[in-house]
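Descriptive analysis of the structure
Spelled out, the chains give:
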Amino acid sequence: MPSEYAKALGARLRAIRTQQGLSLHGVEEKSRGRWKAVVVGSYERGDRAVTVQKLAELADFYGVPVSELLPGGAAPSPLGPTPKLVIDLERLQQLPKDKAGPLARYAATIQTQRGDYNGKVLSIRQEDLRSLAVIYDKSPTELTEELIGWGVLDPEARRAVESF
């Protein structure tokens, strides 16, 4: 029978995983088999004890501090998946270069790094939006509103910025 602490730790692990939009099998795929779905699931249910070393490695995999996984602090927020930030590349190409040049160059760099040349849309991370905000000398909220106004970003992106 899992302890209350194991259950709380498991709930934190599950919250972080779902925030990142990953299924248990998605974790296994993304980690190239390093983290087996059945093992992560047993950690999340509290059925299996996780060592400090494994917890640190899992935190590193998720890109969060270990303290974010430990019960007793503030709950990870938000508990649901973060809305996606999706750039409409076709609309971006229609904008004047003086306006959208930095965004177009940034998007092209991400496409090159990912080898993603579908040419229609490009998902970006919150960190990317923060970097772009610095480039445009605006706050992430101001830049989001501007990109929505240009038709490059879906209005749903406002929710992603609220979770900063």
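Residues numbered from 1 in each chain as written. Predicted model: local features only at pLDDT ≥ 70, side-chain atom pairs only at ≥ 80, totals over all residues. Heavy atoms only, no water.

1. Regarding the UniProt feature "domain: HTH cro/C1-type" (unreviewed entry) in the protein
As recorded in UniProt, the sites labelled "domain: HTH cro/C1-type" (unreviewed entry) are residues 13-69. Secondary structure content for residues 13-69 is 60% helix and 0% strand, and the end C-alpha separation is 6 Å. (UniProt positions renumbered as here; feature names shortened; annotations may be inferred. Helix = DSSP H or I, 4+ residues; strand = E, 2+ residues; numbered from the N terminus.)

2. A few points about the environment of Val 52
With respect to the helices and strands, the residue Val 52 is situated in helix α4 (residues 52-62). Under the relative-accessibility criterion, Val 52 is labelled exposed at 72%. Along the sequence, Val 52 and Val 66 sit 14 residues apart, while their C-alpha atoms lie 9.3 Å from each other. (Buried < 20%, exposed > 50% of the residue type's maximum accessible area, 1.4 Å probe, protein only.)

3. Some words on the pattern of salt bridges
Counted under the stated rule, the structure contains eight salt bridges. Across the pair Glu 44 and Arg 14 runs a salt bridge whose closest N-O atoms are separated by 3.5 Å. Residue Glu 44 is found in helix α3 (residues 37-45), and its partner Arg 14 is found in helix α1 (residues 4-19); the two are separated by 30 residues along the sequence. For Arg 14, a relative accessible area of 33% gives the class partly exposed. The partner of Arg 159 in a salt bridge is Glu 156, and the shortest N-O contact between them spans 2.1 Å. When its relative accessible area of 37% is taken as the criterion, Glu 156 is described as partly exposed. Salt bridges sharing common partners tie together Arg 14, Arg 17 and Glu 44. (Salt bridge = Lys/Arg side-chain N within 4 Å of Asp/Glu carboxyl O.)

4. Side note on the packing of aromatic side chains
Tallied over the full model, the rule gives two aromatic pairs. Pairing Phe 61 with Tyr 62 gives two aromatic rings, centres 5.4 Å apart and planes at 55°, and the pair type is tilted. Ring plane angle 65° and centroid distance 6.1 Å describe the contact between Tyr 136 and Trp 150, whose orientation is recorded as edge-to-face. Placement of Tyr 136 in the loop between α7 (126-135) and α8 (140-150) and of Trp 150 in helix α8 is noted, with a sequence separation of 14 residues between them. Relative accessible area serves as the criterion here: at 16%, Tyr 136 is assigned to the buried category. With a relative accessible area of 7%, Trp 150 lands in the buried category. The positively charged end of Arg 34 is found above the aromatic ring belonging to Trp 35, 4.2 Å away from the centroid. (Phe/Tyr/Trp six-rings, centres within 6.5 Å; stacked < 30°, edge-to-face > 60°. Lys NZ or Arg CZ within 6 Å of the ring centre and 35° of its normal.)

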